[in-house]
Amino acid sequence: CVMIAPLMTRNMTKEMTFLIEDSIARHAGQRIDKVIGAGQVYENMRIRALDITKPKHLRRLAHEMRCGTIIMLETKGAEGSYAVIFAQLKFALKLTMKRIQDNSIIWQGYHQASRSDGGLPFGLLSIPVNAIQAGRFSNDGDVLPSIVDDVTRRIFASLPNLRIVR
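Here the residue numbers are simple positions, counted from 1 along each chain's written sequence. Confidence filtering applies because this is a predicted model: local features only for residues at pLDDT of at least 70, side-chain atom pairs given and counted only at 80 or more, and all residues used for totals across whole chains, interfaces and linings. Side-chain numbers come from the whole structure's heavy atoms, not from hydrogens or water.

A. Focus on helix 1 (residues 14–29). A run of H or I in DSSP becomes a helix once it reaches four residues, and a run of E becomes a strand once it reaches two; helices and strands are each numbered from the N terminus. Between the first and last residue of a helix there are one fewer steps than residues, each counted as 1.5 Å, and that sum is the expected span. If you check helix 1, its first and last C-alpha atoms are 22 Å apart, about what 16 residues at 1.5 Å a residue would give, namely 22 Å. When we look at burial in helix 1, the residues that qualify are Met-16, Thr-17, Ile-20, Glu-21, Ser-23, Ile-24, His-27 and Ala-28. Mapping the buried residues of helix 1 onto a view down its axis gives an arc of 155 degrees, with all of them on the same face. Turned more than 90 degrees from where helix 1 packs its buried face, Lys-14 and Glu-15 sit exposed. We call a residue buried when its accessible area falls under 20% of the maximum for its residue type, exposed when it is over 50%, and partly exposed in between, using a 1.4 Å probe and counting protein chains only. By definition, the arc is the one covered by directions from the helix axis to the C-beta atoms.

What follows is the structure, encoded as structure tokens:
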């Protein structure tokens with residue numbers, strides 16, 4: 001069993017937070033039998049007035065939810081840049097699985113990915129073409145979910161499959 005810690009940061013939208021947490025829960029579920037999502041963990045913390053950063057509160061939450069491990073996540077969110085003829089999006093994520101009883105690290109993973117479109121203008125015709133490609137890239141709503149999912153998948157590739165074989 002593993003709990004996904006809610007992403008407690010103020011510098012990103014709720015949609016971005018949910019996107020990251022859901023991706024982690026989905027990929028963890030492919031490797032671990034029982035995954036308790038960040039939404040459920042957050043709700044239990046809120047009901048019991050617990051602070052996940054305090055080891056005593058974390059142990060109480062683990063006891064209440066009957067789950068002895070937690071995945072903590074760190075990210076600065078997505079960083080994008082746009083310069084008319086070039087657009088880029090970067091995303092980095094660090095995951096740490098800890099045993100709650102003694103706060104020992106069981107597994108860690110980190111990955112960063114970037115996507116871009118557009119480019120350097122080498123001729124007169126390449127300026128509008130690069131501008132269109134960069135504009136299309138920066139307005140594409142599928143780029144962010146795709147890069148978050150790719151980063152999460154790459155991180156979980158290093159975690160052995162812990163599912164019980166029946």
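What follows continues from the structure just given.
B. Just the state of the cysteines, in detail. Note that a disulfide, as used here, is simply two cysteine sulfur atoms within 2.5 Å. Under the counting rule described, the total for this entry stands at 1 disulfide. Paired by a disulfide, Cys-1 and Cys-67 hold their sulfur atoms 2.1 Å apart. In this structure, the disulfide formed by Cys-1 and Cys-67 twists by about -115 degrees around the S-S bond and is classed as left-handed. One end of the pair, Cys-1, is in the segment before strand 1 (2–4); the other, Cys-67, is in the loop between helix 3 (55–65) and strand 3 (69–74), and 66 residues separate them in sequence. The partly exposed category is assigned to Cys-1, whose relative accessible area is 35%.

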